[in-house]
Amino acid sequence: MVIHVVVAEDMGLLRSALCAALSSEGDIEVIADAADVGELWSVLRRERPDVLVLDLKPELPESAEVVAKVVAEAPGTAVLAMSHRWSPPLVEAALAAGARGLVSKDVALPELVRAVRTTAAGERVIDPTAAVAVLSPPVNPLTRREQEVLRAAAEGVPLKEIARRLYLAHGTVRNHLSAILHKTGARNRMEAVRVAQREGWL
C-alpha cells in the first residue's frame, strides 16, 4: 500500500528536499506540495492525501487554526506537524486541534519516514523534542508585575493608562517594559507579547 503525502512548507529549498527524500521511499509517494496556506486548501481538496506534512509556525493561535481546518475539511488526512521550535502551548494547541503527529524540523530522515508511516496507520507520534517541550518547559523569566504590564500592553493600552490601571508610576511602567524587552529579546512591545504567548509566559 502506497502512502500518499502532501508537503506544506513555505521554504522552497526545504520543501523540495522533503519531497525528494520522502519520495525515495518505496511505500511513500509525495503527490503534491504547497508553499502557503492559501495554496494548501486547493491542494487538499484536489488530492485528498493520507498524510499532510505541515510546517507549523510558533505563533498561536494561527497554527492551531490551520490544523483544525485541515482536520475539519479533510478528515481522512492525518496531520504530521513540523516545527523548528516546540513550546508547551504549541504542542497542546496542535494536539487539541487534531494533529496526529509532532516532529522537529531537524529530525533525522529515518525518524520522519517512520512518523509518516505511523500517522498513516492511524497512530499518534510525538518526537522527543516536542515531548521535552511539555515535560520540561522553559522557566518564565517575567515577574508577576511584568506579566501584568505585558498583558495590558497586549490590549494596546497606552503607557499612562497601564500606569493608572496598575497603580504604578509612569516611569515604573517604562522600567518594567524595558526589562520585558530585555528578557524576551524583543524589539518592541507587540513582539514581546508574541514571544511571551508563544512560550506560554502569559
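This text goes with the structure placed above it.
Residues numbered from 1 in each chain as written. Predicted model: local features only at pLDDT ≥ 70, side-chain atom pairs only at ≥ 80, totals over all residues. Heavy atoms only, no water.

Asks: Please clarify how the overall build of the protein should be interpreted in this entry.
Replies: Helix and strand counts for the protein come out as ten helices and six strands. Long-range pairs, those at least 24 residues apart, make up 65% of the contacts in the protein with a sequence separation of at least 6. As displayed, the protein offers around 10200 Å² of accessible surface, 54% of which is attributable to carbon and sulfur atoms. For the protein, the centre of its 24 positive side-chain charges and the centre of its 26 negative side-chain charges are spaced 10 Å apart. (Helix = DSSP H or I, 4+ residues; strand = E, 2+ residues; numbered from the N terminus. Contact = heavy atoms within 4.5 Å. Areas by Shrake-Rupley, 256 points an atom, 1.4 Å probe, with all protein chains shown as cover. Lys, Arg positive; Asp, Glu negative; His and termini not counted. Charge placed at Lys NZ, Arg CZ, Asp CG, Glu CD.)

Asks: What is the right way to look at the pattern of salt bridges in this model?
Replies: Once the charged atoms of two side chains with opposite charge are near each other, the side chains can pair. Evaluation of the coordinates by the stated rule reveals 17 salt bridges. Residues E25 and R117 are paired through a salt bridge, measuring 3.0 Å at the closest nitrogen-oxygen approach. One end of the pair, E25, is in the loop between α1 (12-23) and β2 (28-34); the other, R117, is in helix α5 (residues 109-120), with 92 residues separating them in the sequence. For E25, a relative accessible area of 24% translates into the label partly exposed. (Salt bridge = Lys/Arg side-chain N within 4 Å of Asp/Glu carboxyl O. Buried < 20%, exposed > 50% of the residue type's maximum accessible area, 1.4 Å probe, protein only.)

Asks: Help me out: how do you make sense of the side chain of S87 in this one?
Replies: Relative to the helices and strands, S87 is located in the loop between β4 (78-83) and α4 (88-97). S87 gets classed as buried once you look at its relative accessible area, which sits at 3%. Excluding its chain neighbours within four sequence positions, the residues that come into contact with S87 are A133, R198 and E199.

Asks: Help me out: how do you make sense of the nonpolar core in this one?
Replies: When a protein is soluble and globular, its nonpolar side chains tend to lie buried together. One finds L40, L52, L54, L56, V70, W86 and L102 to be the most contacted residues of the largest nonpolar core, which totals 27 residues. Counting only elements with at least two residues in this core, the list comes to β1 (3-8), β2, α2 (37-47), β3 (51-55), α3 (62-73), β4, α4 and α6 (128-135). The element that contributes the greatest number of residues to this core is α4, accounting for five residues. Other than its neighbours up to four places away in sequence, L102 contacts L80, A81, W86, V91, A94, L95, V125, I126, D127 and A130. Listed in part, the 20 residues of the second largest apolar core include V149, A153, A186 and V193. (Core = buried A, V, L, I, M, F, W, Y, C linked by side-chain atoms within 4.5 Å.)

Asks: Sorry if this is basic, but what is going on with helix α10 (residues 189-199) here?
Replies: Residues spaced three or four apart along an α-helix point in a common direction, a consequence of the helix completing one turn every 3.6 residues. Buried within α10 are the following residues: E191, A192, V193, V195, A196, R198 and E199. Tucked inside the fold, the buried residues of α10 contact α4, α7 (144-154) and α9 (170-184). A side-chain oxygen of the first residue of α10 lies 3.2 Å from the backbone nitrogen of M190; this N-cap is N188. Note on α10: the residue one or two positions beyond its end, G200, has a positive phi of about 80 degrees. (Polar contact = N/O pair within 3.5 Å; in protein donor to acceptor, adjacent residues only side chain to side chain.)

Asks: Help me understand the sheet that holds strand β6 (residues 125-126) in this model?
Replies: For sheets, the rule is that strands pair by backbone hydrogen bonds, running either parallel or antiparallel. Strand order across the open sheet formed by six strands is β2-β1-β3-β4-β5-β6, with parallel pairing between neighbours. Two strands in the sheet have a free side with no partner beyond their single neighbour: β2 and β6. Of the strands in this sheet, β1, β2, β3 and β4 touch α1, which is tilted by about 165 degrees from β2. Docked against the sheet, α5 engages β1, β2, β3, β4, β5 (101-104) and β6, running at close to 150 degrees with respect to β4. (Pairing = 2+ DSSP bridges. Axes fitted to C-alpha atoms, helices over the stretch in contact; angles between N-to-C directions.)

Asks: Which parts of the structure should I look at to understand unusual backbone geometry?
Replies: Among all residues except glycine, the phi angle is most often negative; among peptide bonds, the trans geometry is most common. Despite not being glycine, R48 shows a phi value in the positive range, around 50 degrees. By secondary structure assignment, the location of R48 is in the loop between α2 and β3. Since its relative accessible area comes to 46%, R48 is described here as partly exposed. In this structure, Y167 is a non-glycine residue whose phi angle is positive, near 55 degrees. The topology assignment puts Y167 in the loop between α8 (159-166) and α9. The class of Y167 is exposed, set by a relative accessible area of 76%.

Asks: Help me understand the environment of V134 in this model?
Replies: Following the sequence through the fold, V134 ends up in helix α6. With 44 residues separating them along the chain, V134 and L90 place their C-alpha atoms 9.4 Å apart. Not counting chain neighbours up to four residues away, the residues in contact with V134 comprise P88 and V91.

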